[in-house]
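Residue strings, one per chain:
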Amino acid sequence: MYALVDCNNFYASCERVFQPQLVGKPIVILSNNDGCIISRSDEAKALGISMGAPEFKVRQELKEKNIQVFSSNYPLYGDMSQRVMKILEGFTPHTEPYSIDEAFMNFDGMRIPDFHEYGLQMKIRIMKWLSIPVSVGFAETKALSKVANKIARKFPEKTKGVYVIDTEEKRIKALKWTKIEDVWGIGFRLTKKMKARNINTAYDLTLPHNEAFIKKEMGVVGLRLKYELEGKSVLELEEPKDKKTIAVTRSFAGNITTLDEMKERVSTFATVCSEKLRKQKSCCHTVILYLRKDKYKTERQRYNFYKIETLPFASNSSITISNLAVKMLKTIFEEGEIYKKAGVIVTEIIPENQKQFHLFEEENPKHLKLMKVMDDHYKKTGERKIRLGSQDLQRTWKMKQEHLSKRYTTNFNEILQIPCR
Amino acid sequence: MSLKKAISFFRPDWENNQKHPFISDGIKAGFPSPAADFDETKISLDNVLVKNREATFYAKASGNSMIGAGIDNGDIMVIDRSLEPTNNKIAVCCIDGEFTVKRIKTDKNCVYLMPENSAFEPIKVTENNELIIWGIVTYVIKSV
């Protein structure tokens, strides 16, 4: 038996843990840079605020409807997510965090007399310990547990937030109820194609006469999905892996037209990539630089530019990676053009301790010590005060966060204040 | 003058391949530490103060209503949300949308939130109030 546990309106729920007066009130969370709406409480949904709406377009509406607005607070959400996952591990060690707010669980080999009851226990514990509401779906396969979860979420009164698909009758009823666009792995494009073939529900997808079509359109992934929906388990829990690539890319608020300005940005992106590498204790071999021009303001056809280079030795030194990125930038940057976006991507990532030594070239051993000092300082103060000379010292990692709540669980200076009156 | 050689020269023996290891760390020739067999982990306040990591949060007290319970202005409270609220426990509560710290008192059919400072009044919780017991205070950390 599998389960999918999904936190309801996770970001909004996290904010409410520390501001319980907002329970029952409409709230929304904005994306990085306060760009657009990425999480809504049920109350905000009911008021007709749509997912993904740009903030500036709905600013007036949010105000008029008295909806509380938050900037995204990833330190808080990340910590709360880890707590949820840890609590779930108490119910089965076979738990796979699937995203920040959902996890697959497997119960093979465990004797659980009543899954609905077990799901309720999970739900109640997470609610009591963390004030995070969750929905739980149980079924024989991962794809079906997703379907069960949707049903639990959609009918909270009837299901108490937990739904188990454990009979053939329930499975078929559930599949007929599930719209094709809501099936796990069916995106916007596939939905269009499916609908054109009269495949409108998850049930239609499992019909024998559609098998050839599914195979043609989705290949083996589609067939696996079909089996899973039929109740034949082919997908297992996945082991956590270190990231294969790390990318730091940003669109610029203004335009960038000079090499100096761009050098500073690229150097900063490279520094952040290196920091992430060091955090997961790995090194990269290859660095990719990405630039994007304003496609409406360039005379030429091409507006996306990539440059790839491999280091002689695997590295996670900010200095080494930044130098290489800036070197590549100098070869492809064109003065006078208008750039809209840039990024640094590091790949061919290996664990720090599996570094191969190189005969002629080796990292300057001083880098290692320096990086440690930089990391420790950043960890302690939460600010990137020690930077490379190629980075602008005045410039902060500028992000618009006008509605940011406190980092209640990750920064001691920002913990909750309780009035004793 | 004596013909006796003052210095004798020896040829090094290049034939013998035996190598002697060089131990750069040196070899300690003292008595082994008698404490080595009693190696224990260091005391960690985290382990003492936090029984349930997932359910534990910290908060700072601001105000004087709980000084009788040893919670002074500016103290850090360790709050375990997994514990059941029972009579006499000190709890972080949210009453009508406002956070506060109080001692819980229950009698037959009523709940009171008791301050620990005579300058403050107890709160009688009625059905018109909305009360959430947010978590139980288990330790107070203060600087002296």
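Overview of the structure. The residue numbers shown here count from 1 along each chain, following its written sequence. Written order determines the labels here, with chains lettered from A and ligands numbered from 1. Two thresholds apply to this predicted model, a pLDDT of at least 70 for residue-level local features and 80 or more for giving and counting side-chain atom pairs, whereas whole-chain, interface and lining totals are computed over all residues. As a rule here, side-chain values cover all heavy atoms of the structure and leave hydrogens and water aside.

Helix and strand counts for chain B stand at one helix and seven strands. Starting at the N terminus, the α and β elements of chain B follow one another as α-β-β-β-β-β-β-β. The buried label applies to any residue whose accessible area, calculated with a 1.4 Å probe on protein chains only, is under 20% of its type's maximum; exposed applies above 50%, and partly exposed to all values in between. The buried share among the 144 residues of chain B stands at 28%. In chain B, the proportion of contacts linking residues at least 24 apart, taken out of those at least 6 apart, comes to 53%. Helix and strand assignments come from DSSP, with helices taken as H or I runs of at least 4 residues and strands as E runs of at least 2, each series counted from the N terminus. By definition in these notes, contact holds between two residues if any of their heavy atoms fall within 4.5 Å.

With that out of the way, let us pick up the nonpolar core. Only buried residues count toward a nonpolar core. Its members are Ala, Val, Leu, Ile, Met, Phe, Trp, Tyr and Cys residues joined through side-chain atoms within 4.5 Å. Core analysis: the largest hydrophobic core is formed by 58 residues, its most contacted members being Met 80 and Ile 132 of chain A together with Val 101 of chain B. Among all residues touching Ile 132 of chain A, those that are not within four sequence positions of it are Cys 7, Phe 10, Ser 13, Cys 14, Val 17, Met 80, Ile 126 and Met 127 of chain A. If you look at the next biggest cluster of nonpolar residues, it comprises 30 residues, including Phe 269, Leu 289, Phe 305 and Leu 329 of chain A.

All names here are of chain A. Put simply, helix 9 (residues 188-196) and helix 11 (residues 211-229) touch, their axes get as near as 12 Å, and they point 160 degrees apart. Put simply, helix 9 runs roughly antiparallel to helix 11. Helix-helix and strand crossings are classified by hand; for helix 9 and helix 11 the assignment is right-handed. Taken together, the residues of helix 11 that come into contact with helix 9 (itself represented by Leu 190, Lys 193 and Met 194) are Phe 213, Ile 214, Glu 217 and Met 218. The nonpolar class holds Ala, Val, Leu, Ile, Met, Phe, Trp, Tyr, Cys and Pro. Asp, Glu, Lys and Arg form the charged class, and all remaining residues, Gly among them, are polar. Across the contact of helix 9 with helix 11, the residue classes tally to five nonpolar, no polar and two charged. Angles shown run from 0 to 180 degrees and are taken between the N-to-C directions of axes, each axis being a line fitted to C-alpha atoms and, for helices, limited to the stretch in contact. Oblique is the label for any angle not under 35 degrees, not over 145, and not in the 65 to 115 range, which are roughly parallel, roughly antiparallel and roughly perpendicular in turn. Here a crossing is taken to be left-handed if its near helix is turned anticlockwise relative to the far helix by less than a right angle, and right-handed if that turn runs clockwise.

A few words now on the packing of helix 1 (residues 10-18) of chain A against helix 4 (residues 74-89) of chain A. Residues and elements named next belong to chain A. Close contact between helix 1 and helix 4 brings their axes to 10 Å; oriented N to C, the two are set at 95 degrees. Compared by their axis directions, helix 1 and helix 4 come out roughly perpendicular. Residues Phe 10, Tyr 11, Cys 14, Glu 15, Val 17 and Phe 18 of helix 1 form the contact with helix 4, whose participating residues are Tyr 74, Leu 76, Tyr 77, Met 80 and Ser 81. A breakdown of the residues in the contact of helix 1 with helix 4 according to their chemical character gives nine nonpolar, one polar and one charged.

On to helix 4 of chain A, then. Each helix should span, by expectation, one fewer than its residue count multiplied by 1.5 Å. Between its terminal C-alpha atoms helix 4 of chain A stretches 22 Å, which fits the 22 Å expected from 16 residues at 1.5 Å a residue. For helix 4 of chain A, the full list of buried residues reads Leu 76, Tyr 77, Asp 79, Met 80, Ser 81, Arg 83, Val 84, Met 85, Ile 87 and Leu 88 of chain A.

The next point concerns the sheet that holds strand 1 (residues 2-7) of chain A. All names here are of chain A. The five strands are arranged 5-6-1-7-8 in an open sheet whose pairing can be described as mixed. What marks the edges here is a single partner per strand, and that holds for strand 5 (95-99) and strand 8 (162-164). Within this sheet the neighbouring strands show an average axis-to-axis angle of 15 degrees, counted without direction. As paired elements, strand 1 and strand 6 (residues 102-106) share five bridges and run antiparallel to each other. Pairing of Val 5 across the sheet is with Ala 103, part of strand 6. Running over the sheet, helix 5 (residues 115-130) touches strand 1, strand 6, strand 7 (134-139) and strand 8 and is turned about 155 degrees from strand 8. Here a strand pair is declared whenever DSSP counts at least two bridges between the two strands.

All names here are of chain A. Here a pair means two rings of Phe, Tyr or Trp (six-membered ring of Trp) with centres within 6.5 Å. Their orientation is stacked below 30 degrees between planes, edge-to-face above 60, and tilted elsewhere. Scanning all chains against the criterion turns up 21 aromatic pairs over all chains. Plain terms: the ring middles of Phe 91 and Tyr 118 are 5.4 Å apart, the flat faces sit at 80 degrees to each other, and that makes the pair edge-to-face. Linking Phe 91 in the loop between helix 4 and strand 5 with Tyr 118 in helix 5, this pair joins segments that are 27 residues apart in sequence. Of the two residues, Phe 91 and Tyr 118, both sit in the buried class. Taken together, a centroid distance of 5.2 Å and an interplanar angle of 45 degrees make the contact between Phe 104 and Trp 184 tilted. Of this pair, Phe 104 sits in strand 6 while Trp 184 is found in the loop between helix 8 (168-177) and helix 9, placing the two residues 80 residues apart along the sequence.

All names here are of chain B. Residues enter a patch when their relative accessible area is above 30% and they make no salt bridge; the linking distance is 9 Å between like charges and 5 Å between nonpolar side chains (Val, Leu, Ile, Met, Phe, Trp, Tyr). Using a 1.4 Å probe, the Shrake-Rupley method yields the accessible areas, and only the shown protein chains count as cover for residues. Any carboxyl oxygen of Asp or Glu that lies within 4 Å of a side-chain nitrogen of Lys or Arg is treated as forming a salt bridge with it. A contiguous nonpolar patch, built from Ile 43, Leu 45, Val 48 and Tyr 139 and spanning about 430 Å² of accessible area, is present on the exposed surface. Positionally, Tyr 139 belongs in strand 7 (residues 131-141). Its relative accessible area of 32% is what places Tyr 139 among the partly exposed residues.

Attention shifts here to the interface of chain B and chain A. Taken together, the 32 residues of chain B in the interface contact 21 residues of chain A. Summed over both partners, the accessible area lost on bringing two parts together, with a 1.4 Å probe, is the buried area. For the pair chain B and chain A, the summed buried surface comes to about 2,300 Å²; carbon and sulfur atoms form 61% of the total. On inspection of chain B and its partner chain A, the count reaches one salt bridge. Across the salt bridge formed by Arg 421 of chain A and Glu 98 of chain B, the nearest N and O atoms sit 3.0 Å from each other. For the side of chain B that touches chain A, the elements supplying multiple residues, two or more each, are strand 1 (56-63), strand 2 (76-80), strand 3 (90-95), strand 4 (98-107) and strand 7 of chain B. Its residues placed into classes, the side of chain B that touches chain A shows 16 nonpolar, nine polar and seven charged.

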